[in-house]
Each structure stands twice: as structure tokens, then as C-alpha cells.
Amino acid sequence: MKLNTYIDHTILKADATKAKVQQIIDEAKAYDFASVCINPTWVSFAAEELKGHVTNVCTVIGFPLGANTSAVKAFEAADAIKNGADEIDMVINIGAAKDGNWDLVESDIAAVNSVKSGHVLKVIIETSLLTDDEKVQASLAAKRAGADFVKTSTGFSTGGATPADVKLMRETVGTDMGVKASGGIHSAEEAQAVIAAGANRLGVSASIAIMEGEVSNDNY
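Residues numbered from 1 in each chain as written. Predicted model: local features only at pLDDT ≥ 70, side-chain atom pairs only at ≥ 80, totals over all residues. Heavy atoms only, no water.

Within the chain one finds 9 helices and 8 strands. Here the C-alpha atoms of the chain give a radius of gyration of 16 Å, agreeing with the 17 Å that 2.2 N^0.38 yields for 220 residues. The buried share of the chain, reckoned over its 220 residues, is 54%. In the chain, 66% of the contacts between residues at least 6 apart in sequence involve partners at least 24 apart. Carbon and sulfur atoms provide 50% of the accessible area of the chain, an area that totals close to 9200 Å². (Helix = DSSP H or I, 4+ residues; strand = E, 2+ residues; numbered from the N terminus. Rg over C-alpha atoms; globule rule 2.2 N^0.38 Å. Buried < 20%, exposed > 50% of the residue type's maximum accessible area, 1.4 Å probe, protein only. Contact = heavy atoms within 4.5 Å. Areas by Shrake-Rupley, 256 points an atom, 1.4 Å probe, with all protein chains shown as cover.)

Below, the structure written as C-alpha cells:
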């Protein structure tokens, strides 16, 4: 198993400096990771640095709360794509999900999907805040709205990816969509567990530890 091809090498912390983002980009080049996942302010920089390289540029939208309006999320996504993003990871309207307002959840995703212009859209449902039924309904809303992936977590809430959640999401969306496990993956063993459960992309900041067979102590 080539774990590097599953990994979105991630730095989304508020205090990430240009030097730290450069380090993430350099590491992604060295390991041929699937993407670097960075905040929108770094997209144009990363796109220039990764021009011609196999590693994609991924960014986050409505992050980390998902509480922006649909119009703002769509604008943010369009701006990121204009700046060179290949992949968009958006957070759902979590409050609407908790209210059972699945029409709003779906239309919110559809608003971003409408501007993706052939780029990859991953939908973060923040599994730690949802019941199993809500996880199913959120995943189905993402599928109906035309997203390419469902994703477990932002890494900034009360929990991250679990094999059980990944398995549930994979069973819900079937084989036509991707499932991204993100948050709390600190070792190759944990990475392999969520892949076995059905994940075909991993959002991790512990990418180097995973590739080197070590265990990261990072709490993100």
C-alpha cells in the first residue's frame, strides 16, 4: 500500500507561517503526497510552488464551523479555484443538520458544487457532532448535491476520524464517491485502519511520522 497517495498533507492552524507552509509544500514534493491542504490565504503561493508537480492544492471553505452563508461559501470556493486550488474541502451547515433541515444542508453543498468547475469537492460533515442517522443523512445530502467526497472531520471539533464512521459513510455513499478520513490519525497503523474501513483519502498533519513508521504526539 502506497500510503503517500492517500495523504492530504495538512496545515490549517491559525498561526501557520509562510516558512511552515513552505515546509509542508517541500515535504509534499519529497513524498509525492496527494495534496497539500492549506488555508485559502496560502492557495496562490502553494499553486506556484507546486506547478507541474503531482501534488494537488487543496483548501478549506466555511472552515471550521460551517456557519457561513451559502453565498459566502460559494464565493470563497470560486476565489480559491481562481487562485489555483485543485480541491475544495467545505464544511456543511452543521446547525441545519442538527435541526434535521436536510434541504438546507443539501442546497448549501450544491451552492459550492455549482462553482467547482470540474475541481474536486469534499464535504466535511463533522462526525463527532452528529448521530449515526445524521451522518447517514449528511452523506446522502452530499451525494445528492454532486460532491466527490464525504469527509469525517475538520480536526478542530470534539473528535476525529474513526473506522466505524468511515465504514458507515462508505456504506452510505457506495463506491461512486470518495471518503476522506481526517482528524486524529497519528500513525501508519491508524491510517491503515481507516483505509480498511473504506477511506480512499486521509487528511493528516502527521504525514511524515506516518511515512516513517513513527507515531506523532501532535494533538491535531
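What follows continues from the structure just given.
Right, let's get into the packing of aromatic side chains. Enumeration over the complete set of coordinates arrives at 3 aromatic pairs. Aromatic side chains Trp42 and Phe45 sit 6.2 Å apart centroid to centroid with 65 degrees between the ring planes, which places their arrangement in the edge-to-face category. Owing to a relative accessible area of 19%, Trp42 belongs among the buried residues under this scheme. Residue classification places Phe45 among the buried positions, given a relative accessible area of 18%. Relative to Phe156, the ring of Phe63 lies with its centre 5.4 Å away and its plane at 85 degrees, an arrangement referred to as edge-to-face. Highlighted residues: Phe63 in the loop between β3 (56–61) and α3 (70–82) and Phe156 in the loop between β6 (149–151) and α7 (163–173), separated in sequence by 93 residues. Relative accessible area serves as the criterion here: at 40%, Phe156 is assigned to the partly exposed category. (Phe/Tyr/Trp six-rings, centres within 6.5 Å; stacked < 30°, edge-to-face > 60°.)

Quick look at the UniProt feature "active site" (unreviewed entry) in the chain now. Mapped onto the present numbering, the UniProt feature "active site" (unreviewed entry) falls at Asp89, Lys151 and Lys180. The named residues occupy 92 residues along the chain; their greatest pairwise C-alpha distance, 10.0 Å, places them in one compact cluster. Within the element layout of this structure, Asp89 appears in strand β4 (residues 87–91). Along the chain, Lys151 falls in strand β6. The class of Lys151 is buried, set by a relative accessible area of 2%. For Lys151, the contacting residues outside a window of four places in its chain are Asp89, Val123, Ile124, Ile125, Glu126, Met169, Lys180 and Ser182. Polar contacts involving the side chain of Lys151 include one to the side chain of Asp89, which spans 2.9 Å. (UniProt positions renumbered as here; feature names shortened; annotations may be inferred. Polar contact = N/O pair within 3.5 Å; in protein donor to acceptor, adjacent residues only side chain to side chain.)

This paragraph deals with the side chain of Thr55. With respect to the helices and strands, Thr55 occurs in the loop between α2 (43–49) and β3. One polar contact links the side chain of Thr55 to the main-chain carbonyl oxygen of Phe33, over a distance of 2.8 Å.

In terms of residue burial, strand β7 (residues 178–182) counts as a mostly covered element, since 5 of its 5 residues are buried. Across the two faces of β7 the burial is the same, with Gly178, Lys180 and Ser182 and Val179 and Ala181 all buried. Handedness of the β-α-β unit built from β6, α7 and β7 comes out right-handed. Both β7 and strand β8 (residues 201–204) contribute to a ladder of 3 bridges, which runs parallel. Across the sheet, residue Ser182 finds its bridge partner in β8, namely Gly203. Handedness of the crossover joining β7 and β8 through helix α8 (residues 188–197): right-handed. (Right-handed = clockwise from strand over helix to strand, strands pointing away. Pairing = 2+ DSSP bridges.)

Attention now moves to α3. An ideal rise of 1.5 Å per residue puts 18 Å on 13 residues; α3 measures up with 18 Å between its terminal C-alpha atoms. Turning to α3, its buried residues are Ser70, Lys73, Ala74, Ala77, Ala80 and Ile81. Across the axial projection of α3, the buried residues extend over an arc of 130 degrees, all falling on one side. Across α3 from its buried face, at more than 90 degrees, point the exposed residues Ala71, Phe75 and Lys82. (Expected span 1.5 Å × (residues − 1). Arc of directions from axis to C-beta.)

Turning our attention to the side chain of Asn4. Locating Asn4 in the fold gives a position in the segment before β1 (7–11). According to the relative accessible area criterion, Asn4 is buried, its value standing at 14%. Beyond its immediate sequence surroundings of up to four residues, Asn4 is in contact with Tyr31, Asp32, Phe33, Ala34 and Met211.

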